[in-house]
Amino acid sequence: MSVELKYRRILLKLSGEALGPQGYGIDAETVQRLAGEVKRVHDLGIEVAMVIGGGNMWRGADAAATGIDRATADYVGMLATVMNSLVMQDAMEKLGIVTRVQTAIEMPPVAEPFIRRRAERHLEKGRVVLLAAGSGNPFFTTDTAAALRAVELNAQVLLKATKVDGIYDDDPMRNSQARKFEQLSYMQALNMGLKVMDSTAVSLCKDNEMPIIVFNLHQQGALEAIMRGEKCGTLVSSDDRDAIL
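Residues numbered from 1 in each chain as written. Predicted model: local features only at pLDDT ≥ 70, side-chain atom pairs only at ≥ 80, totals over all residues. Heavy atoms only, no water.

### Concerning the pattern of salt bridges
This structure, assessed with the given rule, holds 18 salt bridges. Here glutamate 37 makes a salt bridge to arginine 40, at a shortest N to O gap of 3.8 Å. Taken together, the residues span about one helical turn, with glutamate 37 and arginine 40 both in helix H1 (residues 28–42) at a distance of three residues. For glutamate 37, a relative accessible area of 6% gives the class buried. (Salt bridge = Lys/Arg side-chain N within 4 Å of Asp/Glu carboxyl O. Helix = DSSP H or I, 4+ residues; strand = E, 2+ residues; numbered from the N terminus. Buried < 20%, exposed > 50% of the residue type's maximum accessible area, 1.4 Å probe, protein only.)

### What to know about empty space enclosed by the protein
For the structure on display, the rule yields one cavity of 30 Å³ or more. Put simply, the largest cavity is a space of about 50 Å³. In this structure, the largest cavity is lined by Leu14, Ser15, Ala18, Leu34, Ala161, Thr162, Lys163, Leu217 and His218. Classifying every residue of the lining of the largest cavity gives five nonpolar, three polar and one charged. (1 Å grid on protein atoms, 1.4 Å probe; cavity = no way out; pocket = protein on both sides within 12 Å on 5 of 7 lines; lining within 4 Å. Points joined across faces, edges and corners; volume = space filled by probe spheres on them. Nonpolar A, V, L, I, M, F, W, Y, C, P; charged D, E, K, R; others polar.)

### A short note on the sheet that holds strand E10 (residues 212–216)
Read across the sheet, nine strands follow the order E4-E3-E5-E2-E1-E6-E10-E11-E9 without closing on themselves; strand pairing throughout is mixed. Single-partner strands in this sheet number two, and they are strand E4 (112–113) and strand E9 (183–185). Here strand E1 (residues 9–14) pairs with strand E6 (residues 157–162) via five bridges, running parallel. The partner of leucine 14 across the bridge, within E6, is alanine 161. (Pairing = 2+ DSSP bridges.)

### Considering the packing of aromatic side chains
Summed over all chains, the structure comprises zero aromatic pairs. One residue, arginine 149, lies across the ring of phenylalanine 114, its end atom 3.8 Å from the ring centre. (Phe/Tyr/Trp six-rings, centres within 6.5 Å; stacked < 30°, edge-to-face > 60°. Lys NZ or Arg CZ within 6 Å of the ring centre and 35° of its normal.)

### Focus: a nonpolar patch on the surface
Taken together, the side chains of Ile26, Met57 and Met83 make up a nonpolar region of the molecular surface, amounting to roughly 240 Å² of accessible area. With respect to the element layout, methionine 57 can be found in the loop between strand E2 (47–52) and helix H2 (60–65). (Patch = residues over 30% accessible without salt bridge, like charges linked within 9 Å, V, L, I, M, F, W, Y side chains within 5 Å. Areas by Shrake-Rupley, 256 points an atom, 1.4 Å probe, with all protein chains shown as cover.)

### Observations concerning the pairing of strand E3 (residues 99–103)
Note on strand geometry: in a regular strand, side chains alternate between the two faces of the sheet. Counting buried positions along E3 gives four out of five residues, so the element sits mostly inside the fold. Both E3 and strand E5 (residues 128–132) contribute to a ladder of five bridges, which runs parallel. Residue pairing in the sheet places valine 101 in a bridge with leucine 130 of E5. Two strands pair when backbone bridges link them, and E3 and E4 are joined in this way by two bridges, in the parallel orientation. What sits directly across from threonine 103, in E4, is proline 113.

### What about the side chain of glutamine 89?
Turning to its location among the elements, glutamine 89 is positioned in helix H3 (residues 70–94). Judged by its relative accessible area of 16%, glutamine 89 falls in the buried class.

### Details of the nonpolar core
If you look at the biggest cluster of nonpolar residues, it comprises 40 residues, and the most contacted ones within it are Ile10, Met50, Met88, Leu159, Phe215, Leu223 and Met227. Elements that contribute at least two residues to this core include exactly E1, H1, E2, H3, E5, E6, E10 and helix H8 (222–227). When near neighbours in sequence (up to four residues on either side) are disregarded, methionine 50 contacts Leu11, Leu12, Leu14, Val38, Met88, Met92, Val128, Val129, Leu130 and Leu131. With 29 residues, the next largest nonpolar core counts Ala150, Tyr186, Leu194 and Cys205 among its residues. (Core = buried A, V, L, I, M, F, W, Y, C linked by side-chain atoms within 4.5 Å. Contact = heavy atoms within 4.5 Å.)

What follows is the structure, encoded as structure tokens:
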């Protein structure tokens, strides 16, 4: 019996911190579990592109605050995203998923350069494409790179995986009374100053009507549930109704 799917092509954004048990470094067991969650949707026939941050190794903005030139600090961060992507590629291929890593900064010995048409062809052939090195430009986050790649590759949705199951009006890890939003418009997300994604990324999604779903990838089966159209996490879209709690 065939399963009706809501999405056929997605861009999944993972923070680098998701790969490490304490938000830094890389934990092999965690990476394998995350790769398994991606495999569940890949096996449904979903075309998956991914962007992984590098904050578990290096944060450009934090490094710049110590006196390192901001552009230099950001380039180092881009290299961290390449390392994370290669680790994730290894975990996925051990599960039998064919993958390709493409980088915004050319480094032929380890990955392909990002070429939009080639990336689309990989997706059409059922390969998971890991898009590394951000946008290739300093001063832009991997959130913005994820929004850019989602638009370029004609993804149907940008999925932002976080530590919590959606967007709240306060940090639910610190405030047990924090309220979760089921749905927000782009303008509401921008005006409320919610730090789920940076404003440049949200604005880019708004301008191109790219829906964003914020969810908890550590919740087993959450990604697959979204593919099946189940309500999970918080949807940010062009709907201009009042925020739905």
